[in-house]
Amino acid sequence: MSSEQPAGMLARLAGNDALKQDLSTALRAGRLPHSILLVGEAGCGAGFAARCLAADYLYPAGGPHAEAVLRGEDSECLSVRGEGASGQIKVERIRDVREKIQHSALSADAAGRVLFIYGAGSLNGSSANAMLKIMEEPPEGVLFLLTATSAAAVLPTIRSRCAAYTVTPAPQPECAAALRRALPALDARQAEDLAFLYDGRIGAALDAVNDPAVKAARAAARELCRQATARDTYRAAALLARYEKDKEGAARLLAQALQAASASLRRPGFDGMDAPTAARLARAAGAAARRMAANGNLRLALTLLAAEAAG
């Protein structure tokens with residue numbers, strides 16, 4: 001493997017040194033596969049990694065167009081992601097982008113075109129078959145970049161046609177530094193705490209600050225942690241009752257509660273929660289998540305969560 005350091009936009013991806021080097025080397029040598037699957041848990045940067053690679057592929061010299069790719073605004077990039085209540089990628093959407101790829105002219109500035117499939121695990125049988133028709137006979141210059149939280153979640157017919165790479169969370173010091181660059185109002189301690197809480201997943205940490213829904217879920221999860229520590233079942237139940245008709249909100253709260261419990265197990269006392277309480281909360285939140293995934297009664301799942309976490 002070459003020891004040459006990655007340049008271009010890929011250099012902006014925190015951590016993942018081997019991944020960046022492998023992709024940069026393949027780009028320079030003209031050996032980049034036309035279909036790449038980037039696998040990484042939610043919030044660790046697989047989507048950002050895909051945009052960095054796309055920018056370097058389309059605009060090797062960098063510049064404003066490459067910056068636009070990182071923002072998701074470049075005209076030579078098409079993107080598809082799950083839609084609606086099911087979150088699935090519909091076959092009509094794949095057919096639409098196939099038409100655009102095959103029948104629209106390339107810009108004179110770009111080296112090719114990129115199709116992003118964010119959350120490739122959301123391709124169903126029909127949309128996957130439509131996608132295969134493009135991947136098996138790819139138009140000249142088109143790069144397919146797929147992301148997924150798990151390779152196993154991607155249909156084998158799609159997965160087998162991609163070169164798969166793993167995107168890992170950044171080392172916590174690099175994560176904290178990236179957070180301070182993105183959010184200058186954060187002080188060093190706040191950035192370090194967020195990097196620890198989200199275990200180096202920069203995207204997850206940024207969402208906790210920037211996304212109103214995630215921010216609200218984190219605040220509710222911190223309150224649940226306090227009630228679990230105080231063993232105050234009544235207040236925990238009152239808090240969770242707000243989510244009896246909000247399954248999505250309840251799922252976000254559970255995700256944040258599990259994250260807080262994990263952090264307190266790794267560092268007892270983090271955010272005021274000791275290890276026994278964190279273990280109890282983790283068990284209770286995990287059980288509630290399983291009940292919800294099985295389409296169990298939401299009200300009952302939340303009532304049991306209050307009893308098991310704070311009781």
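Quick look at the structure, then.

Procedures and definitions
- Residues numbered from 1 in each chain as written.
- Predicted model: local features only at pLDDT ≥ 70, side-chain atom pairs only at ≥ 80, totals over all residues.
- Heavy atoms only, no water.
- Helix = DSSP H or I, 4+ residues; strand = E, 2+ residues; numbered from the N terminus.
- Rg over C-alpha atoms; globule rule 2.2 N^0.38 Å.
- Buried < 20%, exposed > 50% of the residue type's maximum accessible area, 1.4 Å probe, protein only.
- Contact = heavy atoms within 4.5 Å.
- Pairing = 2+ DSSP bridges.
- Axes fitted to C-alpha atoms, helices over the stretch in contact; angles between N-to-C directions.
- Parallel < 35°, antiparallel > 145°, perpendicular 65-115°, else oblique.
- Nonpolar A, V, L, I, M, F, W, Y, C, P; charged D, E, K, R; others polar.
- Core = buried A, V, L, I, M, F, W, Y, C linked by side-chain atoms within 4.5 Å.
- Salt bridge = Lys/Arg side-chain N within 4 Å of Asp/Glu carboxyl O.
- Phe/Tyr/Trp six-rings, centres within 6.5 Å; stacked < 30°, edge-to-face > 60°.
- Lys NZ or Arg CZ within 6 Å of the ring centre and 35° of its normal.

It is worth spelling out the overall build of the protein chain at this point. Summing up its helical and strand segments, the protein chain has 14 helices and five strands in all. Compactness check: the protein chain gives a C-alpha radius of gyration of 22 Å against a globular reference of 19 Å for 311 residues, within 12% of the reference. For the protein chain, the residues scored as buried account for 45% of the 311 residues in total. In the protein chain, the share of contacts with a sequence separation of at least 24, taken over all contacts with a separation of at least 6, comes to 67%.

Here we take up the sheet that holds strand 1 (residues 35-39). Across a sheet, strands are paired by hydrogen bonds formed along the backbone, either parallel or antiparallel in direction. Read across the sheet, five strands follow the order 2-3-4-1-5 without closing on themselves; strand pairing throughout is parallel. Only two strands of the sheet have a single partner each, and these edge strands are strand 2 (77-80) and strand 5 (163-166). Neighbour-to-neighbour, the strand axes of the sheet open up by a mean angle of 20 degrees, direction not taken into account. Pairing geometry for strand 1 and strand 4 (residues 142-148), over five bridges, is parallel. Residue pairing for strand 4: isoleucine 36 is matched across the bridge by leucine 145. Set on the sheet, helix 5 (residues 125-136) makes contact with strand 1, strand 3 (113-117) and strand 4; between it and strand 4 the angle comes to about 140 degrees.

Moving on, we get to the packing of helix 13 (residues 275-293) against helix 14 (residues 298-310). Direction vectors running N to C along helix 13 and helix 14 enclose 170 degrees, while the axes themselves pass 9 Å from each other. Taken together, the axis directions place helix 13 and helix 14 in an arrangement best described as roughly antiparallel. Where helix 13 abuts helix 14, its residues Arg280, Leu281, Ala284, Ala285, Ala287, Ala288, Arg291 and Met292 lie against Leu298, Ala301, Leu304, Leu305, Glu308 and Ala309. For the contact of helix 13 with helix 14, the residue count by class is eleven nonpolar, no polar and three charged.

Attention shifts here to unusual backbone geometry. The backbone phi angle of aspartate 271 is positive, close to 55 degrees, even though this residue is not glycine. Within the secondary structure, aspartate 271 sits in the loop between helix 12 (247-266) and helix 13. Overall, aspartate 271 belongs to the partly exposed group, its relative accessible area being 47%. The backbone of asparagine 295 shows a phi angle near 60 degrees, a positive value even though the residue is not glycine. By the element assignment, asparagine 295 lies in the loop between helix 13 and helix 14.

With that settled, consider the nonpolar core. Within the largest apolar cluster, 31 residues are counted, with the highest numbers of intra-cluster contacts made by Leu23, Leu32, Ile36, Leu38, Val114, Phe116 and Leu145. When contributions to this core are tallied by element, the ones reaching two or more residues are helix 1 (17-29), strand 1, helix 2 (46-58), helix 3 (64-71), strand 3 and strand 4. Counting residues per element, this core draws most heavily on helix 2, which supplies nine residues. Core analysis: the second largest hydrophobic core is formed by 28 residues, Ala220, Leu254, Ala288 and Ala306 among them.

Time to look at the pattern of salt bridges. Across all of its chains, the model carries 16 salt bridges by this definition. The shortest N-O distance in the salt bridge between glutamate 67 and arginine 12 comes to 2.5 Å. With a gap of 55 residues between them, glutamate 67 in helix 3 and arginine 12 in the segment before helix 1 connect regions that are remote in the sequence. Taking the shortest distance from any N to any O, the salt bridge between arginine 71 and glutamate 73 comes out at 2.9 Å. Residue class for glutamate 73 comes out exposed when judged on its relative accessible area of 52%. In the salt-bridge network here, residues are joined through shared partners; they are Glu83, Arg93, Asp96 and Lys100.

What follows covers the environment of alanine 185. Relative to the elements of secondary structure, alanine 185 occurs in the loop between helix 7 (172-182) and helix 8 (188-197). Residues alanine 185 and alanine 282, spaced 97 residues apart in sequence, show a C-alpha to C-alpha distance of 31 Å.

Now for the packing of aromatic side chains. The geometry of two aromatic rings is summed up by the distance between their centres and the angle between their planes. Taken as a whole and assessed by the stated rule, the structure comprises two aromatic pairs. Relative to tyrosine 118, the ring of phenylalanine 116 has its centre 5.4 Å away and its plane inclined at 10 degrees; by these criteria the two rings are stacked. By relative accessible area, which is 3% here, phenylalanine 116 ends up buried. Ring centres of phenylalanine 196 and phenylalanine 270 lie 5.1 Å apart, and the angle between their planes is 55 degrees; on these two criteria the pair is classed as tilted. Of this pair, phenylalanine 196 sits in helix 8 while phenylalanine 270 sits in the loop between helix 12 and helix 13, and the two are 74 residues apart along the sequence. Here phenylalanine 196 and phenylalanine 270 have matching classes, each one buried. Lying over the aromatic face of phenylalanine 196, arginine 266 brings its terminal NZ or CZ to 4.5 Å of the ring centre. Here arginine 267 stacks its cationic end above the ring of phenylalanine 196, 3.8 Å away from the centre of that ring.

In short, geometric facts, not functional conclusions.
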